[in-house]
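Structure assessment
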Amino acid sequence: MKIVSVILARGGSKGIPNKNIIDVDGKPLISYSIKASLNSNVDETWVSTDSKEIAIVSEEYGAKVLDRPAELATDTSSSDDSLVHFASKVDFDVLLFIQPTSPLINSEYINTGIDMMKSEKYDSVFTGYKREWDAVWDKNGNPVGWNIYRRPRRQDVEEQWIEDGMFYMTKKEHLLASKLRYSGRMGIVKIHQKDSLEVDTLEDLDFIREIIINRRNNENK
């Protein structure tokens, strides 16, 4: 079973310019995903990008690079279409799709997903964290899915897991058949909520920088 990872990293980020290679504690953001993949049981680590700058950085950190067509790197482009394009260019049995905006990823999570796929119980897996029940209200002040006269206790609510987008893993034949990042029999790679944070805004970036710096300082004590 050949397992290959791909990190989709286009160059046209508008919210945070050059987001995928922006500095996070002295290293580009994408390097955290590359490192986690290289340190895992993945056979090959790839970056699919339309940006020469991202390509150079990715190769410096040990990833292989696939040039992505411009039409697959717009604001409205589908990640799933880019995965199908990757599958047409690179040989593999199982594809690991990693989001570069989840720098708290680690190789242990990836290896857990690989073990789940190798067990043959799943055609696809994805990361998620357990959601504790909260009282949710709509914009008009009405409770959503619960009654104020029968407020549920957390321990009585059915367990739910939130898909966090850190990574997805699927068999090649399922990707090509469904054109989706996951399909068939699906399982959840259960991660800690504190590791699920993504960089979407400058506020996210500042918060994650603090987390990474604090973790590094604690490791050096």
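As shown above, the structure is provided for reference.
To keep things clear, this report deals only with the structure shown in the data block. (Residues numbered from 1 in each chain as written. Predicted model: local features only at pLDDT ≥ 70, side-chain atom pairs only at ≥ 80, totals over all residues. Heavy atoms only, no water.)

On to the packing of aromatic side chains. Going through the model one piece at a time under the given rule, you end up with 7 aromatic pairs. Summarising the aromatic geometry, the rings of Tyr168 and Tyr182 are spaced 5.4 Å apart at their centres and angled 80 degrees between planes, so their arrangement reads as edge-to-face. On the criterion of sequence distance, the pair formed by Tyr168 in strand E8 (residues 160-171) and Tyr182 in the loop between helix H5 (172-178) and strand E9 (186-190) is long-range, its members being 14 residues apart. We classify Tyr182 as partly exposed; its relative accessible area is 23%. By the ring-pair criterion, three or more aromatic residues cluster together here, those being Phe97, Phe126, Tyr168 and Tyr182. Here the basic side chain of Lys172 rests over the ring of Phe92, its NZ or CZ set 4.8 Å away from the ring centre. (Phe/Tyr/Trp six-rings, centres within 6.5 Å; stacked < 30°, edge-to-face > 60°. Helix = DSSP H or I, 4+ residues; strand = E, 2+ residues; numbered from the N terminus. Buried < 20%, exposed > 50% of the residue type's maximum accessible area, 1.4 Å probe, protein only. Lys NZ or Arg CZ within 6 Å of the ring centre and 35° of its normal.)

The next point concerns unusual backbone geometry. Unlike most non-glycine residues, Asp25 shows phi in positive territory, near 55 degrees. Inspection of the secondary structure assignment puts Asp25 in the loop between strand E2 (23-24) and strand E3 (27-28). Classification of Asp25 as partly exposed rests on a relative accessible area of 24%. Positive phi is not limited to glycine here, since Lys179 has a value of about 65 degrees. Its location among the elements puts Lys179 in the loop between H5 and E9.

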